Amino acid sequence: MRIALEPVSSRTTIQEGVYQQLRNALMAGNFDPGQTLTIASLAETFGTSNMPVREALRRLAAENALEVAPNGSARVPIVTLARLDDLCRARIAVEGLAAELGIPRLTATDIETLQRIATEQHAIGRSSNVYELMERNQQFHFTIYRASGSDVLLQLIETLWLRFGPYMRMLSASVEPLMRSGEIDPAGPHVPIIEALKAGDFARARDGVVADIRRTHEILRDYCPATEDEPRAKGPASIQRR
């Protein structure tokens, strides 16, 4: 695992702590598609007994983020083209609405936050830390979505991103070598979104958010197998270069 999972010691928060750390790790794409997560290894990592880990895996399985085997171990879902297409259609619908509602409500401070995140993404690109880049990407999008003021939409988006985690893992693997070679802009499509916001063009900014999701979808389609039994495709996709 690349994520820094930390021991959880407080008795009042132990179950929630294990669940939240695993949830964040899955959402950020820190586990490979098809990777098995055993209760024993996770309990050792967290410094806990098996029970809170078992409960966390159960909750994550209920959110369709994991598949739990009869022996209690869990597997990160396998990626397929059909699942990718389905998830991206849902993301465009739900996140597009959240962006439409949230963008007009963004404050000057929010826009400054988005600008800072994009600047940090450029700096991270020079260090080739793709996982930190993905974290900033999530911060960028959720700054916009939280401004919508809709708890329902936020919950739906979090669930979609949780199920999208294995695809983010694939994306990070494809982007990392291009970051190292300087072939892509680490801030990607975030810059035109910020420019539209500064110009007060809310429709263009919303379209930029949707275009970001579509672009990710197009990249990943070149890597996804059609079914679980097929090997992963190899070809690089049309990633936006400098």
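A quick note: this is a predicted structure, and the numbers were derived from the prediction, not measured.

**Q** For the nonpolar core, give the residues involved together with the corresponding values.
**A** Core analysis: the biggest nonpolar cluster contains 74 residues, and Leu-22, Ile-144 and Tyr-145 have the highest contact counts within it. Looking at this core, the element that brings in the most residues is helix α7 (residues 151-181), giving 14 residues. Ignoring any residue separated from it by four or fewer positions in sequence, one finds Tyr-145 in contact with Glu-95, Ala-98, Ala-99, Leu-154, Ile-157, Val-209 and Ile-213.

**Q** Provide a residue-level description of the pattern of salt bridges, including the pertinent values.
**A** All told, the structure shown has 14 salt bridges when counted by the stated rule. With its nearest N and O atoms 3.1 Å apart, the salt bridge here joins Arg-23 to Glu-63. A residue pair is termed long-range when its members are at least 10 positions apart, and Arg-23 in helix α1 (residues 14-27) and Glu-63 in the loop between α3 (50-62) and β2 (67-68) qualify at 40 residues. In terms of burial, Arg-23 and Glu-63 fall into one category: buried. Here the salt bridges do not stand alone but share partners, grouping Arg-116, Glu-120, Glu-132 and Arg-136 into one network.

**Q** Just give me the short version of unusual backbone geometry, but keep the residues and values in it.
**A** Among all residues save glycine, negative phi is the norm, and among peptide bonds the norm is trans. Even without glycine at this site, Asn-64 takes up a positive phi of about 65 degrees. The residue Asn-64 is located in the loop between α3 and β2 in this model. For Asn-64, a relative accessible area of 44% translates into the label partly exposed.

**Q** Let's hear about the packing of aromatic side chains: which residues, and what values?
**A** Applying the stated criterion across every chain, the model contains 3 aromatic pairs. Measuring from ring centre to ring centre gives 5.2 Å for Phe-142 and Trp-161, while their planes differ by 75 degrees; the resulting arrangement is edge-to-face. Note that Phe-142 is positioned in helix α6 (residues 130-146) and Trp-161 in helix α7, a separation of 19 residues in sequence. In this structure, Phe-142 and Trp-161 share a single accessibility class: buried. For the ring pair Phe-164 and Tyr-167, a centre distance of 5.5 Å and an interplane angle of 25 degrees mean the geometry is stacked. One end of the pair is Phe-164 and the other is Tyr-167, both in helix α7 and 3 residues apart, which spans about a single turn. Accessibility expressed as a relative area gives 2% for Phe-164, which makes it buried. Of the residues examined, Tyr-167 reaches a relative accessible area of 3% and is grouped as buried.

Reading the values: the criteria
- Residues numbered from 1 in each chain as written.
- Predicted model: local features only at pLDDT ≥ 70, side-chain atom pairs only at ≥ 80, totals over all residues.
- Heavy atoms only, no water.
- Core = buried A, V, L, I, M, F, W, Y, C linked by side-chain atoms within 4.5 Å.
- Buried < 20%, exposed > 50% of the residue type's maximum accessible area, 1.4 Å probe, protein only.
- Helix = DSSP H or I, 4+ residues; strand = E, 2+ residues; numbered from the N terminus.
- Contact = heavy atoms within 4.5 Å.
- Salt bridge = Lys/Arg side-chain N within 4 Å of Asp/Glu carboxyl O.
- Phe/Tyr/Trp six-rings, centres within 6.5 Å; stacked < 30°, edge-to-face > 60°.

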